[in-house]
Number of protein chains: 2
Amino acid sequence: MTAAGKHQVSRTETPRRGSRPGRAGIRDVAAAAGVSITTVSDALNGKGRLPDATRSHVREVADRLGYRPSAAARTLRTGKSGLIGLTVTTYGDEPFTFTEFAYFAEMARAATSAALARGYALVILPASSRHSPFDVWQNVALDGTVVIDPSDDDQVVTELMRQGLPVVSDGRPSGDLPVTAWVDNDHEAAVLELLDHLADAGARRIGLLTGTTTDTYTRLSTTAYLRWCERVGQDPVYESYPAHDPCAGAVAADRLLARPDRPDAVYGLFDPNGTDLLAAARRYGLRVPEDLLLVCCSESTVYASTEPPITTLSLKPRRIGTAVVQLLIDAIEGLNTGQPVEQVIPTELIIRTSSQRRPPRTTVSAPRSPSGD
Amino acid sequence: MTAAGKHQVSRTETPRRGSRPGRAGIRDVAAAAGVSITTVSDALNGKGRLPDATRSHVREVADRLGYRPSAAARTLRTGKSGLIGLTVTTYGDEPFTFTEFAYFAEMARAATSAALARGYALVILPASSRHSPFDVWQNVALDGTVVIDPSDDDQVVTELMRQGLPVVSDGRPSGDLPVTAWVDNDHEAAVLELLDHLADAGARRIGLLTGTTTDTYTRLSTTAYLRWCERVGQDPVYESYPAHDPCAGAVAADRLLARPDRPDAVYGLFDPNGTDLLAAARRYGLRVPEDLLLVCCSESTVYASTEPPITTLSLKPRRIGTAVVQLLIDAIEGLNTGQPVEQVIPTELIIRTSSQRRPPRTTVSAPRSPSGD
DNA sequence: TTGAAAGCGCTAACAA
DNA sequence: TTGTTAGCGCTTTCAA
C-alpha cells in the first residue's frame, strides 16, 4: 500500500467535523484504499487513465465501505442534476382532473420510462409557482422541464427559459410563449377525419360535446368542427360545459340529446363523454349505432368493452410523452441544433361498433321523450 | 449605501471564474445591496434578526437581479433536498402495469399533492437499482422514499434503510424487511365482508378470479377466500392468471364461467376483471345480476356506468397515498416517536346493481342486514 | 499514472 | 445588527 500518510485525510481516527454520521465519504474511501480522492473519483466514474488494478482496488474498497457518492455535491459541482420537471396543473387540492386523467397518466408513464432509459428521473411539480422560499420550485435543481399545455403567459415557463433551462411543452404554446421545443397532435386534421368518418357512416347531423375552457385543444377542435359544418352546409349543434367538472359532462350530454334539432351522431371531446353519451342515449331510448353514432376522444380501454364498443380518437399520449422527453434531454445534452423544434404526432381513430351504422336504412326519426321506448 | 467596498465580492465588474453565466449568485445580490452574503441569506430565508428595512431592501435587490438560490448548494449544505422518491415497478419498458394502473395513478396523485402541500416534491424512480454509476438512484439526493409493495428481500429498501433514509411502504412488508412505517388495507377483512355481502344477496357458490403472483395482496385475498369457503362449507371455485398480462384476464374469466361447477357469483381481484367478467357472462348468455352476481376490486369510475353498474371494492388509494407521504415526511422531519408505525386504511364496498339480486333498490343498505328491505 | 488544490453556491457558527 | 469564515462532498484543472 502506497504512502497513505501523505494524503490530506485524517490519519487520526476522528471523523472530520460536520461529516455525515455513519456514511463513508470519498475521503474515507481514499484513506482506506491508500490513494487520493482524485483517484477514487476517477476510478469510480470510469475517468482518468488508471491501471485496472488501481481501479478495481478502489471499487472494492468503496464497496466494502458501502460508499455512496453524494448526489448533491455532484450536482453542485457539475451543474447537472439528472432531474427533469413535469408540471401538473392542480385543481383545488388534486393534481390534474378526472377528464385529463387517462391521458395524463399514460403520458406521464411514457415520459417516466423514456427519462429513466436515458438516466434521468422525473420530478412532479405544480404548474404554478408562488414567489416564496417555501416554493417547491426553489428547492429542486432541474436540468429542464416538461410542461403540459402552458397558458399564454405562463410565468413558470417564462422564468425557466429566462434562467436558461430548456423547456419542452406538450401542446403547442399559444401567444408568443418561448419554449425550446413542443410536441402536439394536429387536432384540426384529427377532427376533420373523424367527422368525415361519421358522415361516411351515414350521419346527417353531427353534434359536438365541447368544453367552455379556452385551452388550445378545445379551441382548435371546436374551430375545426365549425369549419367542417360550414363546408358541408350543416348547422352546428353543440353543447359546452366546464370539462373539469366531472358531473357537468353527463348533464351536457343529456342536453345535447334533448334538443329539438337532435343530432344523429355525436363527437365528445373529453374522455368520459363516451359513457355519458351512452347513458343519455339509453335514457332517450336511442340505440347506438342505429339511432345515434358515437365517437369520443379517449385513451381509456374501457370503450372496447362497453355495450356497444365505442369508437375513440386517441391522441397517442405515450408517443407524446416519449417525444417530449427525448427532445428535452437532447436539448439538455446539447444534441440538437438550437432552433426551435416542433413535432407533430399523428392521432389514431379506433373504429368500433358505435360509429358503424348497419345497412343504412332509416332516416332520422323525430325526437322522443326521455321516458319513451 | 453602506461601505460596499469592504465586502469580499467583486468590486471589479468581472464575474468570478466558474460562475454560472448570466445568473446572479448570492454574492452579486450582496454586492448590489451593499450587505454581506449572510445578510442576504438571512433576509431571503426569513432567518436572523434583521430590521425589516434591510430585509425588504435585500429582497427587492434580489428580485431585480432575478436571483434564484441554487438548490444544489442548499441541499449540499443543509443535507435536505425536499425530494421524496416514489418507486415504480417496471415491466419491460413500461412503469407499472395495466392492472395496477388505476390504483397506482390515484395513489400517486394523492401522494403528489400531499407532498407538495408540505413543500416536498415526488421523484419517480424504478423499483430496482443496478449497482452502477449510471443508475438514477445514485444521482438523486432523496430525503426519503415511498415504496409500493416491496418484495421480501427488496435490495433498494435494504440499502436505503442502511443509509439511514426513512422508507415508508404501501403494503405491509413481508419477511423481515425493515421499513420506517407502512400503510395497508386489511385485505382479509375486506374479502370476508364482500363474500358475506354476496352470500346475503343470494349467492350459493362464489367464484374467485385471482392472480398467479405471490404479492401480499393476492396472497392475503386468496387465503381469505379459501378460509371463508371452508367456514361456510363451500367448495372453492377459482381461476388464476398472470395479472400483469392484460389479455390473460379475459381468458381466465371465460374459463371460470365455462366450468361445470359454474359459480353464481364471482369476485375478481383485479381492476379489469369487471368488464372481462361482464363480457364473458354475455357470451354465455348469463344475465347480471339475475344469473350471476359480480364484484371486482377497482378504483375505476367506469363501473358506475356499465350495463349493469358493477359493485366494486375500493382500496382507497387516495387515502393510502396521503397517509404514506405524511408518515414519511413526519419521519424525515423527526416528528414521530421512532418506533415502527403501521396504519390500516379501511376499504369501501361500493354496492351497485351487479351484486343485488333482491328488489333493485338504489338505496345502499348495510351488507349484513338484508332483511331490512 | 497520480495528487494537491481550488472551488461549485450556499448556510451557520462565531465574531465584531 | 451585521460580517467573516469554514466548510457541505464532490469534480477538475494543473502540476508532479
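Here is what the cut-offs are and how they apply
Residues numbered from 1 in each chain as written. Chains lettered and ligands numbered in written order. Predicted model: local features only at pLDDT ≥ 70, side-chain atom pairs only at ≥ 80, totals over all residues. Heavy atoms only, no water. Core = buried A, V, L, I, M, F, W, Y, C linked by side-chain atoms within 4.5 Å. Buried < 20%, exposed > 50% of the residue type's maximum accessible area, 1.4 Å probe, protein only. Contact = heavy atoms within 4.5 Å. Domains from an automatic or database assignment. Buried area = accessible area lost by both parts, 1.4 Å probe. Salt bridge = Lys/Arg side-chain N within 4 Å of Asp/Glu carboxyl O. Polar contact = N/O pair within 3.5 Å; in protein donor to acceptor, adjacent residues only side chain to side chain. Helix = DSSP H or I, 4+ residues; strand = E, 2+ residues; numbered from the N terminus. Nonpolar A, V, L, I, M, F, W, Y, C, P; charged D, E, K, R; others polar. Least-squares fit on C-alpha atoms with pLDDT ≥ 70 in both. Pairing = 2+ DSSP bridges. Axes fitted to C-alpha atoms, helices over the stretch in contact; angles between N-to-C directions.

The biggest cluster of nonpolar side chains holds 150 residues, and the ones touching the most others in it are Leu86 and Tyr267 of chain A together with Leu86 and Tyr267 of chain B. In this structure, Tyr267 of chain B is in contact with Val191, Leu194, Gly207, Leu208, Leu209, Tyr217, Val295, Cys296, Cys297 and Leu313 of chain B, ignoring residues within four places of it in sequence.

All names here are of chain A. When its domains are assigned, chain A resolves into domain 1 (26-69), domain 2 (83-185 + 320-347) and domain 3 (187-313 + 350-355). Centre-to-centre, using C-alpha coordinates, domain 2 lies 30 Å away from domain 3. Between domain 2 and domain 3, the contact holds 12 residues from the first and 13 residues from the second. Both sides of the domain 2 and domain 3 interface together cover about 1,100 Å² of buried area, and 63% of this is carbon and sulfur. Here domain 2 and domain 3 share zero salt bridges between them. For the pair domain 2 and domain 3, the number of links is two residue pairs in polar contact (both at pLDDT 80 or more). Taken together, the elements giving at least two residues each to the side of domain 2 that touches domain 3 come down to α5 (101-117) and β7 (181-185). Per-class residue counts for the side of domain 2 that touches domain 3 are four nonpolar, five polar and three charged.

Okay, the relation of the copies chain A and chain B next. If you rotate chain A by 180 degrees and push it 0.0 Å along the axis, it lands on chain B with an RMSD of 0.1 Å. A rotation of that kind, with that shift, is consistent with a two-fold axis. Measuring from the rotation axis to each C-alpha of chain A, the shortest distance belongs to Val123 of chain A, at 2.2 Å. When the interface residues of chain A are mapped onto chain B, 100% of them are again interface residues, pointing to one common binding face.

This part is about the sheet that holds strand β8 (residues 206-211) of chain B. Residues and elements named next belong to chain B. In space, the six strands of this open sheet follow the order β9-β8-β10-β11-β12-β14, with mixed pairing throughout. The sheet terminates laterally at β9 (237-241) and β14 (348-350), the two strands that pair on one side only. Across this sheet, the average inter-strand angle for adjacent strands is 15 degrees, counted without regard to direction. Alignment of strand β12 (residues 311-314) against β14, held across three bridges, turns out to be antiparallel. Within β14, the position partnered with Ser314 by the bridge is Glu348. Those strands touched by helix α8 (residues 216-232) are β8, β9, β10 (265-268) and β11 (293-297), and its axis lies near 160 degrees from that of β8.

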